[in-house]
Amino acid sequence: MNFMSRLLRQREYGLTAVILIIGASVAFIDTGFLAAGNLKDLIIRCAPTAIVACGVMLVVLTGEIDISVGSLMALLAALMGMMISETRMEISMWLGLPATLLLGTLVGAFTGALVTLGKVPSIIVTLGLLTALRGLTTLIMGGNNIDGLPDGLGQMTKYGVLGMPISVWTAIAVIIVTGVIITKTALGRRLFAVGSSRYSAKMVGLNETRLKLFAFAYTGFLTGLATVVDVPRLPKIEAGIGIGFELLVITCVVVGGVSISGGRGKLRGVLLAVLLMTMIRPALTFMDVGESGEKWTRAIQGMFILLAVITDSIVQRRRKRRLHDL
Amino acid sequence: MTFKERLRTFRWWHELGLVILIIGLLAVAGTLMPRFLDLKSQLLLSRHIWEMAILALAITLIIITGGIDLSVGAAMGLCAVAFGMTFQYTGSLVLSCVAAMLTGGLGGAVNGALISKIKVHPLIVTLATYAAFRGIAEGLSQGVSYSQFGEEFSQIARGKWFGVPIPAYLFLAMAVACAVFLSKTPTGRFIYAIGHNEKAARFSGIDVDRIKFWLYASSGMLAGLATLVYVSRFDTAKADAGTGFELEIITAVVVGGTSIFGGRGNIAGTVLGLLLIHETRLFVGRYWQMDELKSIIIGALLIASILLYRILSPKKGRE
């Protein structure tokens, strides 16, 4: 295998190359981009995306999709705020935070149940939830922002332990757990199996319903986790939290080389894609294109998905042709 | 044919159900708020539905082929910016309209080419272009909103013939054309064939790729047309034009009985679906005066309509 085809075929190599090129060229313009403080900021920004991407990756591996995570995050943030804020219900955060996680898991499981038991396509379910949950959030918040979260929580999520906010440590833990699930457990292999061929998976006796339910519930749980560790960093909770987050997460999963039809993908690729997608905005800032440049962030994101799917399909076609030649 | 056979072969159950639902809704709304049924206010409030309705026609055809287009709302943003910028530089309305239509057509052609030539899943392609179109619109316009296109231009959406808004005529003409195309021409029938079984359609000599390409391209062009109505109505062209349209359009089409798996659906259903959603929104908006409730109900309606369909006709539901 020559260098170019490896670069195309193995998404991790390509992504690493792109990240290095962007990093190097921005650092060439302004070395401040590689300053420790900036790198730390970059990692903190990556954390929530990485956490949720781990869940959505599992969903996509089984051949489904979840585009409701951004709205779910807003809903959970609102509910969390209502529960633990000093100006609202004032429930202890040791009760309120697990409750948030539980609610996230429940909504995820509900989504999964509609997809598997209700047999409604996941794109439709999550498209519906994308709007419905956002509406519910604004309804609950009633146009007011929520502030007055417990000081301890703000401290922990902002400054954290051992020099890194708690969200980063959570992300690392989630990545390890997800990595172990994917590569070392029967559950992980079964998720791949269902995604690559539903029919064969059924024939060997795998329970598709249960596997997909798990993937959706896990995503819901991780969305709750990301909300709990990342949202309290903000000065106040607004109804607009997480708008466009679902698109960012799906972008990372697809750009990271996970096949949208399921059954193929690596966690490493997804994490590299999270880093790449997150560094676009700070890179634009450091290139000193100012306000005007940052408005291009979304366009660049879209371009990256297109680039990823086009290379993917070209590689696929080549592989098929090679199989034909044999 | 006996009455029983007639009942069994009756093809319009879904449409009948929708009509009953709409009548039921109007009856409830009319009793609670007698002024709701006032024709004049209904026509006045119908204004915001037309651009969505125009786009729903294209989306119906696309969903019948088994595809989907999530990028139409974002394409409207891009068309609006193209319109505004052309107007700013040339001052010519005609050129601006052409620019908007061309931009939409080009965007749709990008979707179509990726889907039919490179064979990427429509969901992913249009999710990508959804981000890309809106992003390019934001980047190009830098958040500026263009306005003051003149009184004449705003008459397109605000003007009336015989008491009915002008865009309504545009929509009705297109809906009839679309319905005839779908049910009476070979290409229209091929669209169903593609949705039923794409491989079989391909093997029977239908140029699947070409039909798909033109469907997505025309969806883009219609986005351009819808943008003209939208811009004319608000007298403002901004990158956020058409935000959230994709969801409401897909909901209307799916509620209207078009199968999300392709192969089934018609224009009459879509028109009824649009009407049901429109009246639901109006009623909820005016009775409870809460905007948030509308999005909850539309999201729920989308999921519930497919769920109901699955429960009521388990045999028909294809895997």
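Each residue is numbered by its place in its chain's sequence as written, counting from 1. Each chain is given a letter, starting from A, and each ligand a number, starting from 1, according to the order in which they appear as written. Given that the model is predicted, a residue must reach a pLDDT of at least 70 before its local features are reported, and side-chain atom pairs must reach 80 or more before they are shown or counted; all residues, however, enter totals for whole chains, interfaces and linings. Water and hydrogen atoms were dropped before computing side-chain values, which therefore reflect all heavy atoms in the structure.

A. Spatial organisation of the overall build of chain A. Only DSSP runs of H or I reaching four residues or more are called helices, and only runs of E reaching two or more are called strands; each is numbered from the N terminus. In terms of regular secondary structure, chain A is built from 15 helices and zero strands. In this treatment the radius of gyration is a C-alpha quantity, and the globule benchmark scales as 2.2 Å times the residue count to the 0.38 power. Its C-alpha radius of gyration of 20 Å places chain A within 12% of the 20 Å reference for a compact globule of 326 residues. Seen along its three principal axes, the alpha-carbon backbone of chain A occupies a region of about 70 × 55 × 35 Å. Burial statistics for chain A: of 326 residues in total, 52% are counted as buried. Looking at chain A alone, contacts between residues at least 24 apart form 79% of all its contacts between residues at least 6 apart. For chain A, the computed accessible surface area is about 14,600 Å², with 65% contributed by carbon and sulfur atoms. Burial here depends on accessible area, computed with a 1.4 Å probe over protein chains only, as a share of the maximum for the residue type. Under 20% is buried, over 50% is exposed, and the range in between is partly exposed. Between two residues, a contact is recorded if the distance between any of their heavy atoms is within 4.5 Å. Method for areas: the Shrake-Rupley scheme with a 1.4 Å probe, in which residue coverage is limited to the protein chains shown.

B. Structural context of the nonpolar core. Remark: nonpolar core denotes a set of buried residues (Ala, Val, Leu, Ile, Met, Phe, Trp, Tyr, Cys) joined through side-chain atoms within 4.5 Å. One finds A:Ile237, B:Leu55, B:Phe83 and B:Ile249 to be the most contacted residues of the largest nonpolar core, which totals 184 residues. Here this core takes 15 residues from helix H3 (residues 36–61) of chain A, the largest share from any one element. Here B:Ile249 is in contact with B:Met52, B:Leu55, B:Ala56, B:Ile59 and B:Val72, once residues within four sequence places are set aside. B:Met33, B:Val255, B:Leu282 and B:Phe283 belong to the second largest nonpolar core, which has eleven residues in total.

C. Representation of a positive patch on the surface in the model. Residues and elements named next belong to chain A. A cluster of basic side chains, namely Arg317, Arg318, Arg319, Lys320, Arg321 and Arg322, defines a positive patch on the protein surface. Tracing the backbone shows Arg319 in helix H15 (residues 297–325). In this structure Arg319 comes out as partly exposed when scored by relative accessible area, which is 32%. Like-charged residues are merged into a patch within 9 Å and nonpolar side chains (Val, Leu, Ile, Met, Phe, Trp, Tyr) within 5 Å, provided each residue has over 30% relative accessible area and no salt bridge. Any Lys or Arg side-chain nitrogen located within 4 Å of an Asp or Glu carboxyl oxygen qualifies as a salt bridge. In this tally, Lys and Arg are treated as positive and Asp and Glu as negative; His is ignored, and so are the chain termini. Where a charge lies is defined by one atom per residue type, namely NZ (Lys), CZ (Arg), CG (Asp) and CD (Glu).

D. Representation of the interface of chain A and chain B in the model. The interface of chain A with chain B comprises 37 residues on the first partner and 40 residues on the second. We define buried area as the total accessible area lost by two parts upon association, computed with a 1.4 Å probe and summed across both. Interface area, chain A with chain B, both sides summed: about 3,400 Å², of which 80% is carbon and sulfur. On the chain A side of the contact with chain B, A:Ile124, A:Lys295 and A:Arg298 bury the most area, a combined 17% of that side's loss. There are one salt bridge connecting chain A and chain B. Measuring nitrogen to oxygen at the nearest pair gives 2.8 Å for the salt bridge that ties B:Glu138 to A:Arg298.

E. Main features of the environment of B:Tyr230. Residue and element names in this part refer to chain B. Looking at where Tyr230 falls in the secondary structure, it is placed in helix H12 (residues 208–234). As a C-alpha pair, Tyr230 and Gly105 span 125 residues in sequence and 17 Å in three-dimensional space. Discounting chain neighbours no more than four positions away, the residues touching Tyr230 are Glu51, Met76, Asp240, Ala241, Gly242 and Phe245.

F. Local environment of the pattern of salt bridges. Residues and elements named next belong to chain B. Counted according to the given criterion, the structure contains 13 salt bridges over all chains. For Glu198, the salt bridge identified is with Arg202, shortest N-O distance 2.8 Å. Of this pair, Glu198 and Arg202 are both found in helix H11 (residues 198–203), four residues apart, which corresponds to roughly one turn of the helix. Using a relative accessible area of 27% as the deciding quantity, one classes Glu198 as partly exposed. Note that Arg202 and Asp209 form a salt bridge whose closest N and O atoms lie 3.3 Å from each other. Each member of the salt-bridge network shares a partner with another, and the members are Lys119, Glu198, Arg202, Asp209 and Lys212.

G. Seen up close, a nonpolar patch on the surface. Residues A:Val161, A:Leu162, A:Trp169, A:Ile172, A:Ile176 and A:Val180 make up a contiguous nonpolar surface patch of roughly 580 Å² in combined accessible area. Structurally, A:Trp169 is set in helix H8 (residues 166–184).

H. Molecular detail of the packing of aromatic side chains. For this analysis, a ring pair means two rings from Phe, Tyr or Trp (six-membered ring only for Trp) whose centres lie within 6.5 Å, classed as stacked if their planes differ by under 30 degrees, edge-to-face if by over 60, and tilted for the remaining angles. Counted by the stated rule, this structure contains nine aromatic pairs over all chains. Between the aromatic rings of B:Phe87 and B:Phe149, the centroid separation amounts to 4.9 Å while the plane-to-plane angle is 80°, which identifies the pairing as edge-to-face. Remark: B:Phe149 occurs in the loop between strand E1 (146–147) and helix H8 (151–158) and B:Phe87 occurs in helix H5 (residues 72–90); sequence separation between them is 62 residues. Linked through ring pairs, B:Phe83, B:Phe87 and B:Phe149 together constitute an aromatic cluster. Ring-over charges, as used throughout, are those where CZ of Arg or NZ of Lys falls within 6 Å of the ring centre and within 35 degrees of the ring normal. The ring centre of A:Phe192 lies 4.9 Å from the NZ or CZ of A:Arg189, which sits over that ring.

I. Seen up close, H8(B). Residue and element names in this part refer to chain B. For H8, the complete set of buried residues consists of Phe153, Ser154 and Ala157. For H8, the angular spread of buried residues about the axis comes to 95°, placing them on one side. Of the exposed residues in H8, those oriented more than 90 degrees away from the buried face are Glu151 and Glu152. On its buried side, H8 packs onto H5, helix H6 (93–116), helix H9 (166–184) and H12. Here the arc refers to the directions that run from the helix axis out to each C-beta atom.

J. Layout of the side chain of B:Thr227. Residue and element names in this part refer to chain B. Tracing the backbone through its elements, the reader meets Thr227 in helix H12. On the basis of relative accessibility, which here comes to 0%, the residue Thr227 falls in the buried class. Those residues in contact with Thr227 that lie beyond four places of it in its chain are Met76, Cys79 and Ala80.

K. Local environment of the packing of helix H4 (residues 50–64) of chain B against H12(B). Residues and elements named next belong to chain B. Their axes nearest at 8 Å, the elements H4 and H12 cross at an angle of 170°. For the element pair H4 / H12, the angle class is roughly antiparallel. Facing Glu51, Ile54, Leu55, Ala58, Ile59, Leu61 and Ile62 of H4, the residues of H12 in contact are Leu215, Tyr216, Ser219, Leu222, Ala223, Leu225, Ala226, Val229, Tyr230 and Arg233. Every angle, taken between N-to-C directions, lies between 0 and 180 degrees, and every axis is a line fitted to C-alpha atoms, over only the stretch in contact when it is a helix. Small angles under 35 degrees read as roughly parallel and large ones over 145 as roughly antiparallel, with 65 to 115 read as roughly perpendicular and the rest as oblique.

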